[in-house]
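Structural characterization, general
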Amino acid sequence: MYGLVNKAVQELVESRFGSAAWEQVKAKAGLDLEIFISNEAYPDDITYRLVGSASAVTGMTPEAILMAFGEHWVLHTSRQGYGALMDAGGRSLPEFLENLPNFHTRVAMIFPKLRPPEFRTSHRTDTSIRLHYLTERQGLTPFVVGLLSGLGKKFDTPIRTSLIERKAEGADHDVFLVEWDPK
Ligand code: 1DX
């Protein structure tokens, strides 16, 4: 994945546990680079190793790290540099989710090595929507839970998320039910 993703993992670890912890995480992951370059593509393996060693160093489970990371990604990317992109994504949570496919098409036009997951929505009501998550990557479902929770905060819409179909249990892909209170 693009270096921007690994940089966000670094930021998350540094902000919560300090820079010494980050140095440990990097060493444990067997990385001897100084910095990640945002718009350079790195092997996915590096991201997975970072999550694994961040778990070992901090004592958080990999799932908890991925969730925290998903929240951080939404709040971080919308703050730093990609805010305009995020703002173009929609003015409410359901609108943003419905625009995700277009959004990724736009980012992939600028960054051709992007391998975005596919998101589809269905069953929209006044207080809920289903989000279908199709990906070629393994194990990132908790990351998407965190992304959704971050989006809820971004749009001041507290949400409940439940996984109603699980790829890990044989479904074709993960399906989330996202619910919020009526206005
Ligand atoms: F709900 O793959 C809200 O590298 C969401 O299963 C979900 O393949 C927001 F400059 C710039 C760059 C860079 C901008 F080139 C990425 F570096 C992309 C910014 C998306 C904001 C996907 C990142 C693929 C890298 C993947 C989950 C799970 C999508 C990560 C979250 C908005 C982003 O993101 C899976 C890659 C951006 C950029 C956003 C993603 C790759 C998302 C969301 N994805 C790179």
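Residues numbered from 1 in each chain as written. Predicted model: local features only at pLDDT ≥ 70, side-chain atom pairs only at ≥ 80, totals over all residues. Heavy atoms only, no water.

Hydrogen bonds between backbone groups are what pair the strands of a sheet, and the pairing can be parallel or antiparallel. The sheet built from four strands is open, its strands ordered β1-β2-β4-β3 with antiparallel pairing. Because the sheet does not close on itself, it has two edges, and the strands there are β1 (118-122) and β3 (159-165). Averaged over all adjacent pairs, the angle separating strand axes in this sheet is 25°, with direction ignored. Direction of pairing for strand β2 (residues 128-134) relative to strand β4 (residues 174-180): antiparallel, over a ladder of six bridges. Its bridge partner lying in β4, H132 is registered against V175. (Pairing = 2+ DSSP bridges. Helix = DSSP H or I, 4+ residues; strand = E, 2+ residues; numbered from the N terminus. Axes fitted to C-alpha atoms, helices over the stretch in contact; angles between N-to-C directions.)

It is worth spelling out the nonpolar core at this point. Across soluble globular proteins, nonpolar side chains show a tendency to be buried alongside one another. Of all hydrophobic cores here, the largest spans 43 residues; its most connected members are L50 and L97. Sort the elements by how many residues they give to this core and helix α6 (residues 93-110) lands first, with six residues. Not counting chain neighbours up to four residues away, the residues in contact with L97 comprise T121, I129, L131, L148 and L151. (Core = buried A, V, L, I, M, F, W, Y, C linked by side-chain atoms within 4.5 Å. Buried < 20%, exposed > 50% of the residue type's maximum accessible area, 1.4 Å probe, protein only. Contact = heavy atoms within 4.5 Å.)

Here the focus is helix α3 (residues 44-58). For α3, built from 15 residues, the straight-helix expectation of 21 Å at 1.5 Å per residue is met to within 8% by its first-to-last C-alpha distance of 21 Å. Those residues of α3 that sit buried are D44, I46, T47, L50, V51, S53, A54, S55 and T58. If you follow the buried residues of α3, they end up packed against α1 (3-17), α2 (19-28) and α4 (62-79). (Expected span 1.5 Å × (residues − 1).)

Attention now goes to the packing of aromatic side chains. By convention here, two paired aromatic rings are described through the distance between centres and the angle between planes. Enumeration over the complete set of coordinates arrives at seven aromatic pairs. Note on F36 and Y42: the rings are 5.4 Å apart at their centroids and 80° apart in plane angle, and the pair reads as edge-to-face. Judged by its relative accessible area of 11%, Y42 is buried. Arranged with centres 5.5 Å apart and planes meeting at 20°, the rings of F119 and Y133 form a pair that is stacked. In this pair, F119 is assigned in strand β1 and Y133 in strand β2, connecting sequence segments 14 residues apart. Residue F119 shares its accessibility class with Y133, and that shared class is buried. Taken together, the aromatic side chains of W22, F36 and Y42 make up a single cluster linked through ring pairs. (Phe/Tyr/Trp six-rings, centres within 6.5 Å; stacked < 30°, edge-to-face > 60°.)

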